[in-house]
Each structure stands twice: as structure tokens, then as C-alpha cells.
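The lines below spell out each chain.
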Amino acid sequence: MRSFNASAVEELMAVVAQLRSPQGGCPWDREQTAESLMPYILEEAYETVDAIRRGQAEEMADELGDLLFQVILQAQLAQEQGLFDLNTIASKIRDKLIRRHPHVFGDEKVESAEEVRQNWERIKAAEKGVSSESLLLTKLQEYARVLPPLTAAQKISVKAAEVGFEFEDTQQVWNKLHEEIQELQEAVTGDDRAHQESELGDILFALVQIGRWYQLNPETALQGTNDRFIQRFALVEKFAGKPLDQLTLAELEQLWATAKQTLKQNQ
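Everything quoted here is computed from the prediction, not taken from an experiment.

Trainee: How should I be thinking about the overall build of the protein chain in this particular structure?
Mentor: Regarding its fold elements, the protein chain presents 13 helices and 0 strands. Helices (α) and strands (β) of the protein chain occur, in sequence order from the N terminus, as α-α-α-α-α-α-α-α-α-α-α-α-α. Its C-alpha radius of gyration of 25 Å places the protein chain more than 25% over the 18 Å reference for a compact globule of 267 residues. Scored against the burial criterion, the 267 residues of the protein chain give a buried share of 23%. For the protein chain, restricting intrachain contacts to residue pairs at least 6 apart in sequence, the fraction spanning at least 24 positions comes to 46%. Carbon and sulfur atoms make up 57% of the accessible area of the protein chain, which amounts to about 18800 Å² in all. Once the 28 positive and 45 negative side-chain charges of the protein chain are each reduced to a mean point, those two points are 4 Å apart.

Trainee: Would you explain the pattern of salt bridges in this entry?
Mentor: Oppositely charged side chains can form a pair if their charged atoms are brought close together. Summed over all chains, the structure comprises 17 salt bridges. A salt bridge links Arg54 to Asp50, with the shortest nitrogen-to-oxygen separation between them at 3.0 Å. Arg117 is the partner of Glu114 in a salt bridge, and the nearest nitrogen-oxygen pair spans 2.5 Å. Linking Glu114 with Arg117, this pair stays in helix α7 (residues 113-127), spanning 3 residues, or about one helical turn. Residue class for Glu114 comes out partly exposed when judged on its relative accessible area of 37%. Looking at Arg117, the relative accessible area reads 29%, which means it is partly exposed. What you see here is one network of salt bridges that share partners, running through Glu121, Lys124, Lys128, Lys139 and Glu142.

Trainee: It is not clear to me how a nonpolar patch on the surface should be interpreted in this structure. Could you clarify?
Mentor: A cluster of nonpolar residues, Ile98, Val104 and Phe105, forms a patch on the protein surface that exposes about 300 Å² of accessible area. Assignment of secondary structure puts Val104 in helix α6 (residues 102-105). Owing to a relative accessible area of 52%, Val104 belongs among the exposed residues under this scheme.

Trainee: In this structure, what is going on with the packing of aromatic side chains? I would like to understand it.
Mentor: Each aromatic ring pair is described using two quantities: the centre-to-centre distance and the angle formed by the ring planes. Applying the stated criterion across every chain, the model contains 4 aromatic pairs. Plain terms: the ring middles of Trp28 and Tyr40 are 5.6 Å apart, the flat faces sit at 85° to each other, and that makes the pair edge-to-face. Note that Trp28 is positioned in helix α2 (residues 27-30) and Tyr40 in helix α3 (residues 38-53), a separation of 12 residues in sequence. The partly exposed category is assigned to Tyr40, whose relative accessible area is 32%. Ring geometry for Phe229 versus Phe233: centroids 5.8 Å apart, planes at 15°, classification stacked. Of the two residues, Phe229 and Phe233 both sit in helix α12 (residues 218-240), 4 residues apart, roughly one turn of that helix. The partly exposed category is assigned to Phe233, whose relative accessible area is 35%.

Trainee: Can you walk me through the packing of α7 against helix α8 (residues 135-146) in this structure?
Mentor: The relative placement of two packed helices comes down to the angle between their axes together with the axis-to-axis distance. At a closest axis distance of 11 Å, the pairing of α7 and α8 adopts a crossing angle of 90°. Our classification of the angle between α7 and α8 gives roughly perpendicular. On α8, the residues that touch Glu121, Lys124 and Ala125 of α7 are Leu135, Lys139 and Glu142. Across the contact of α7 with α8, the residue classes break down as 2 nonpolar, no polar and 4 charged.

Trainee: Teacher, can you tell me more about α12 here?
Mentor: Every α-helix carries 3.6 residues per turn, so stepping three or four residues along brings you back to the same face. Here α12 contains 23 residues, and its C-alpha end-to-end distance of 32 Å stays within 8% of the 33 Å for a straight helix at 1.5 Å per residue. The inward-facing, buried residues of α12 abut α9 (149-162), α11 (193-213) and α13 (249-266). The N-terminus of α12 is capped by Asn217, whose side-chain oxygen sits 2.9 Å from the backbone nitrogen of Glu219. The positive-phi residue at the C-terminal boundary of α12 is Gly241, with phi of around 75°.

Trainee: What should I look at first to understand the packing of α8 against α9 in this one?
Mentor: Between α8 and α9, the shortest axis-to-axis distance is 9 Å and the interhelical angle comes to 165°. Accordingly, the angle class assigned to the pair α8 and α9 is roughly antiparallel. The element α8 and its partner α9 pack so that their crossing is left-handed. The residues of α9 that touch α8, namely those facing Leu136, Lys139, Leu140, Tyr143 and Ala144, are Ala152, Lys155, Ile156 and Lys159.

Trainee: Sorry if this is basic, but what is going on with helix α5 (residues 86-99) here?
Mentor: Look at α5: 20 Å from first C-alpha to last across 14 residues, which is about the 20 Å you get at 1.5 Å a residue. In this structure Asp85 caps α5, since a side-chain oxygen of it lies 3.1 Å from the backbone nitrogen of Asn87.

Reading guide: rules and limits
- Residues numbered from 1 in each chain as written.
- Predicted model: local features only at pLDDT ≥ 70, side-chain atom pairs only at ≥ 80, totals over all residues.
- Heavy atoms only, no water.
- Helix = DSSP H or I, 4+ residues; strand = E, 2+ residues; numbered from the N terminus.
- Rg over C-alpha atoms; globule rule 2.2 N^0.38 Å.
- Buried < 20%, exposed > 50% of the residue type's maximum accessible area, 1.4 Å probe, protein only.
- Contact = heavy atoms within 4.5 Å.
- Areas by Shrake-Rupley, 256 points an atom, 1.4 Å probe, with all protein chains shown as cover.
- Lys, Arg positive; Asp, Glu negative; His and termini not counted.
- Charge placed at Lys NZ, Arg CZ, Asp CG, Glu CD.
- Salt bridge = Lys/Arg side-chain N within 4 Å of Asp/Glu carboxyl O.
- Patch = residues over 30% accessible without salt bridge, like charges linked within 9 Å, V, L, I, M, F, W, Y side chains within 5 Å.
- Phe/Tyr/Trp six-rings, centres within 6.5 Å; stacked < 30°, edge-to-face > 60°.
- Axes fitted to C-alpha atoms, helices over the stretch in contact; angles between N-to-C directions.
- Parallel < 35°, antiparallel > 145°, perpendicular 65-115°, else oblique.
- Nonpolar A, V, L, I, M, F, W, Y, C, P; charged D, E, K, R; others polar.
- Expected span 1.5 Å × (residues − 1).
- Polar contact = N/O pair within 3.5 Å; in protein donor to acceptor, adjacent residues only side chain to side chain.
- Left-handed = near helix turned anticlockwise from the far one by under 90°.

Spatial relationships are all this shows, so hold off on functional conclusions.
Right, here's the structure in full:
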């Protein structure tokens, strides 16, 4: 394994410092704040995940670099305010990893990855001063607060099932989905938008539950649907030969069916 080149990170830190410098720096970088950069952190994280998902090594390295830039830029901003620096960030994660891996850096023994996960959660709770009684609730609240809603729903569903808050069989899961669909159909006949959104959310959560019961990942499933829609839509535009807004709905549906069949034949 090739040794880590610390100078490369130090050079990147120097570049970021120069970008923020009042003398000869970049006007855009100088005006950024920790808060203004939040959308870029999310964007770079998603682009990194996309590169990993597609298995593109060169793109992975490029996107991970963009993500690292966001970390170093945040560290630079904090350093300028006398809050912390990159060394503080690195030291904190180093210490955390050592604390939460007592089976590697201590004398504790584990028999499985599940034991490692349980120890991690136990140590994390102790670090935050959370009692064992309130650990589950704290975890659910954290999921809902920090994760994208679909990801949070998956994790909340799993955690609740682990303590026995679970359907007895798949038929109950399907019954719950049909019940929620019926409630949404009734809600949309009224004028209470908040109630309508609440019922729509219940349907989405029920679908997440179905995915969990059948070991299907809702995010992977939805990503696949998005990709297929775009592929089909591209063919619809290609086959149309003119702006789509000049076509009737019947013509669009026919082109959609043709695109769908074309992609199926090419698989």
C-alpha cells in the first residue's frame, strides 16, 4: 500500500487559504460562510455517491476531491474565526474511531459485525450522555432531523421493528398501504392541504415498510425509475421530430410506448 502523501493535503490547504486571502484571493471564496456552503456540501456528497454507484474510479477520485475541498474550506473558515482547524477535525475523528473500536484498539472481543454495530451505538450514546431508555427515541429524532426523508424513513422503520413494533406478516403491510391510499383519496376531496400531505407521507412510509419486508431498497428502486424515465423521455424527443408541446397526449403516449419497447429490445 502506498504511503500517504501529507504534502498533497498541505498544498491543498495552502491553495484554499490563498483563495480566502484578502490579498489576491478569489472574491467568491472570500464572501462564503459556513452556512452559504451547505448546499455545496450536499451536492458534492451526492455527486460522490453517484460516481461510486457507477463504479467510475477516475470520477470517484475527482468527486472525493471536491468533497475534501468542502471540508478544508469549512476548516479554513473556522480557523479564521478562531474556532478550530483541520488538525482539530482530524484529531476528533481519530479519537472517535479509537473509542468506538475497542475490539481493535483495546481488549474487547467481538464475534460479528452486528456486535460491532451494537457497541458503536452503545459507546456513542454514552459519549452524548443519552440513557439506554431514551437511546431509541434519540436515534429516531436524529434520523428525522439530519437525513433526507426517504433515507430517514428506512432507518426509522428498521429501528422500530428491532424493538418489536412490527407487522405480523406481509398481508398486514399490504393492508396498511391500501388503508393509507384510501385515506389520501378521501383527503384530496377536501381543502386541507396539510392533511393531504400528511396522508401522502403515510403512503410513502408504508411503501418503505413494504420495501423492508421484501428486502428492496426504496432509494435504489426510485433511482432506477428516474433513470428509466429519462432514457424513455430522451427517445420520445428523438422519435417526435418536433417540439413535444406540439403533440397531443395520445401521440405522446404512443411515442412513450415505442420508446419503452425499444429500450426493452436493446437490453
